[in-house]
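# Structural description and commentary
So you can see what is in the structure, the chains are spelled out below.
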Amino acid sequence: MKALVYTGIGQLVLKDVPDPAADFIVKVLGCGICGTDLKTYQKGHHLFPPPAILGHEFYGLVEKAPEDCGYSIGDTVVVAPYAECGSCDVCQRDAGSLCSHKQYVEDGAFSERVGISKEYIGRGVFPLKEEDDVYTLVEPLACVLNGVGQLNLNPTSRALVVGAGPMGTLFALLFGAKGLPVTVVEPAAHRRQRIASWGIETCEPGQVKKGVYDTVIIAVNKKELVSEYITLTADAGTVLMFSGLSRDESVSVEAYSIHYRQVSLKGSFGYAMRHFREALSLIDAHKETFSKIITHHFPLERGKEAFDLLASGDALKIVLEP
């Protein structure tokens with residue numbers, strides 16, 4: 001089969017690779033490029049030494065299935081890239097995204113087919129009613145839902161999303177779908193214009209008034225933004241560090257805001273399976289809303305071109321279609 005293989009920093013090559021040898025095989029219809037994929041392409045990643053097939057935000061058609069697994073050849077499915085164990089101490093604290101006993105889909109989905117073990121079918125494979133690239137957004141939306149779960153939202157909350165990249169935009173669309181007032185702060189004019197055309201309020205950096213927003217999501221991996229927005233958040237509000245920072249980076253925050261104004265600083269990482277299920281339900285109910293962030297579709301053989309476009313900032317979400 002054909003696969004887009006990461007062979008080193010800045011290198012992606014379409015190659016012939018062996019078909020998966022698995023009990024359950026999904027023919028990939030679409031796979032989104034995520035921030036980790038792009039980071040690996042640009043800088044490398046310790047979890048994905050080359051050569052490697054990247055991609056985990058995918059859906060497709062069942063091409064091979066064992067008997068009595070609940071699926072038949074030709075069924076449309078979306079696959080969670082991992083599932084927590086559900087029984088360890090971390091899972092019992094309702095933090096399945098941090099489970100150290102996760103079961104993973106081992107194959108990357110920038111390929112024509114993905115193999116899945118029989119044991120994983122009942123945990124991480126979900127039926128779909130139709131073929132639609134919007135289902136490549138289930139996993140990233142699940143991560144957003146995990147972030148939202150860290151917030152102290154109430155009916156009077158006003159949210160500020162810092163950064164109009166794919167994940168920041170997903171936060172804004174989710175808040176809009178829930179009827180929660182949201183503003184997106186973004187320096188790039190073309191991104192502000194795109195989001196404003198969807199009826200979402202936007203502003204430039206430096207225009208955020210202090211004390212207006214009780215919920216602030218940092219969706220840009222710049223550590224200085226954390227200290228900046230801690231001081232701007234309303235009393236008893238929450239700042240969520242959603243975008244990841246490297247282990248050797250530190251953030252500095254104003255003690256006055258934490259102690260005297262009771263502003264909370266929280267983080268979130270990944271998703272738990274309950275978030276994945278909720279994300280699937282939300283996308284089923286709001287396909288048109290969430291599909292807005294998919295700005296480009298590329299065939300697999302133009303994968304490097306797609307990565308370069310995403311790196312330029314001129315795209316939001318790109319789906320590769322084998």
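Let us look at the structure shown here. Here, residues in each chain are numbered from 1, in the same order as that chain's written sequence. Totals for whole chains, interfaces and linings use every residue, but because this is a predicted model, local features are given only for residues with pLDDT of at least 70 and side-chain atom pairs only at 80 or more, for both listing and counting. The side-chain numbers reported here are obtained from all heavy atoms of the structure, hydrogens and water having been left aside.

In this text, helices come from DSSP runs of H or I with a minimum length of four residues, and strands from runs of E with a minimum of two, each type numbered from the N-terminal end. The number of helices and strands found in the protein chain is 11 helices and 18 strands. The quantity called the radius of gyration is restricted to C-alpha atoms. Its globule counterpart is 2.2 Å times the number of residues to the power 0.38. Relative to a compact globule of 322 residues, whose C-alpha radius of gyration would be 20 Å, the protein chain shows 20 Å and is just as compact. Looking at the protein chain as a whole, 51% of its 322 residues qualify as buried. Pairs of residues are marked as contacts when any of their non-hydrogen atoms sit within 4.5 Å. Across the protein chain, the fraction of contacts at a sequence separation of at least 24, relative to all contacts at a separation of at least 6, is 68%. Put simply, the protein chain shows about 14900 Å² of open surface, and 48% of that area lies on carbon and sulfur atoms. If you average the places of the 31 positive and of the 39 negative side-chain charges in the protein chain, the two averages end up 5 Å apart. Think of it in three bands: with a 1.4 Å probe and only protein chains considered, a residue is buried below 20% of the maximum accessible area for its type, exposed above 50%, and partly exposed in between. Using a 1.4 Å probe, the Shrake-Rupley method yields the accessible areas, and only the shown protein chains count as cover for residues. When charges are counted, Lys and Arg are positive and Asp and Glu negative, with His and the chain ends excluded. The atom standing in for a charge is NZ when the residue is Lys, CZ when it is Arg, CG when it is Asp and CD when it is Glu.

So, about the pairing of strand E14 (residues 215-218). Side chains Thr-215 and Ile-217 of E14 all project onto a buried face; the interleaved residues Val-216 and Ile-218 project onto the opposite face, where all are buried too. Strand direction decides the pairing type here: E14 and strand E15 (residues 238-241), joined by four bridges, are parallel. The residue bridging Ile-218 from the neighbouring strand is Met-241, located in E15. Classification remark: right-handed applies to a crossover when, strands pointing away from the viewer, the course from the first strand over the helix to the second runs clockwise. Once you follow E14 into helix H7 (residues 224-232) and on to E15, the crossover reads as right-handed. For two strands to be treated as a pair, DSSP must find at least two bridges joining them.

Any two packed helices are characterised by how steeply their axes cross, that is the angle between the axes, and by the distance between the axes. Between helix H4 (residues 138-148) and helix H5 (residues 166-177), the least distance of the axes is 10 Å, while the angle of their chain directions is 70°. When the axis of H4 is compared with that of H5, the two are roughly perpendicular. Pair H4 / H5 crosses with right-handed handedness. Along the contact surface, H4 presents Pro-140, Leu-141, Cys-143, Val-144, Leu-145, Gly-147 and Val-148, while H5 presents Met-167, Leu-170, Phe-171, Leu-174 and Phe-175. Per-class residue counts for the contact of H4 with H5 are 11 nonpolar, one polar and no charged. Between N-to-C directions, angles span 0 to 180 degrees; the directions come from axes that are lines fitted to C-alpha atoms, helices contributing only their stretch in contact. Throughout, the term roughly parallel applies to angles under 35 degrees, roughly antiparallel to angles over 145, roughly perpendicular to angles from 65 to 115, and oblique to all others. By convention the crossing between two helices is left-handed if the near helix lies anticlockwise of the far one by an angle smaller than a right angle, and right-handed if it lies clockwise. Here the nonpolar group is Ala, Val, Leu, Ile, Met, Phe, Trp, Tyr, Cys and Pro; Asp, Glu, Lys and Arg are the charged ones; every other residue, Gly included, is treated as polar.

If you walk across this open sheet you meet the three strands as E2-E1-E4, and the pairing is antiparallel. The open sheet has two edge strands with one neighbour each: strand E2 (11-16) and strand E4 (52-53). Both strand E1 (residues 2-8) and E4 contribute to a ladder of two bridges, which runs antiparallel. Its bridge partner lying in E4, Val-5 is registered against Ile-53.

Here we take up the environment of Lys-43. Structurally, the position occupied by Lys-43 is in helix H1 (residues 35-43). It is 6.0 Å that separates the C-alpha atoms of Lys-43 and Ile-9, two residues lying 34 residues apart in sequence.

Residues of helix H6 (residues 189-196) that are buried include every one of Arg-191, Arg-192 and Ile-195, and no others. Down the axis of H6, the buried side of the element spans an arc of 100°, and every buried residue falls inside it. Buried residues along H6 sit in contact with H5, strand E12 (182-185) and strand E13 (201-203). By construction, the arc corresponds to the directions joining the helix axis to the C-beta atoms.

Here we take up the pairing of E2. The pairing of E1 with E2 spans six bridges and is classified as antiparallel. Bridge pairing in E2 links Tyr-6 to Leu-12. Counted between consecutive antiparallel strands, the loop separating E1 from E2 contains two residues, among which Gly-10 sits at a positive phi close to 75°.

Let's shift gears to a nonpolar patch on the surface. Surface patches are defined over residues having more than 30% relative accessible area and no salt bridge, joining like charges when they lie within 9 Å and nonpolar side chains (Val, Leu, Ile, Met, Phe, Trp, Tyr) when within 5 Å. Within this document, salt bridges are pairs made up of a side-chain nitrogen of Lys or Arg and a carboxyl oxygen of Asp or Glu, the two lying within 4 Å of each other. A cluster of nonpolar residues, Val-251, Val-253, Ile-258 and Leu-265, forms a patch on the protein surface that exposes about 240 Å² of accessible area. On the secondary structure map, Val-253 appears in the loop between E15 and helix H8 (255-259). Residue Val-253 is classed as partly exposed on the basis of its relative accessible area of 32%.

Moving on, we get to the pattern of salt bridges. Tallying each qualifying case throughout the model produces 12 salt bridges. Asp-94 is the salt-bridge partner of Arg-274, the closest N and O atoms lying 3.0 Å from each other. Pair noted here: Arg-274 is in helix H9 (residues 273-285) and Asp-94 is in the loop between helix H2 (89-92) and strand E8 (103-104), with a separation of 180 residues, a long-range link. It is possible to trace a salt-bridge network through shared partners that takes in Asp-19, Glu-63, Glu-112 and Arg-113.

Take the environment of Thr-233 next. Turning to its location among the elements, Thr-233 is positioned in the loop between H7 and E15. Classification of Thr-233 by relative accessible area gives buried; the value is 1%. When the C-alpha positions of Thr-233 and Val-216 are compared, they lie 6.9 Å apart, and in sequence the two are 17 residues distant. Here Thr-233 is in contact with Gly-211, Tyr-213, Asp-214, Val-216, Thr-238, Val-239, Arg-261 and Val-263, once residues within four sequence places are set aside. Among the polar contacts listed, one links the side chain of Thr-233 to the backbone oxygen of Tyr-229, at a separation of 2.6 Å. Two N or O atoms count as a polar contact when they lie within 3.5 Å, although within protein this holds only if one can serve as hydrogen donor and the other as acceptor, and sequence-adjacent residues are included solely when both atoms are side-chain atoms.

A word on the sheet that holds strand E16 (residues 264-267). Here we have six strands laid out as an open sheet, ordered E13-E12-E11-E14-E15-E16, and parallel in their pairing. Both outer strands of the open sheet, E13 and E16, are each paired with one neighbouring strand and no more. Ignoring strand direction, the axes of neighbouring strands in this sheet form an average angle of 20°. With four bridges joining them, strand E11 (residues 159-162) and E12 adopt parallel strand pairing.

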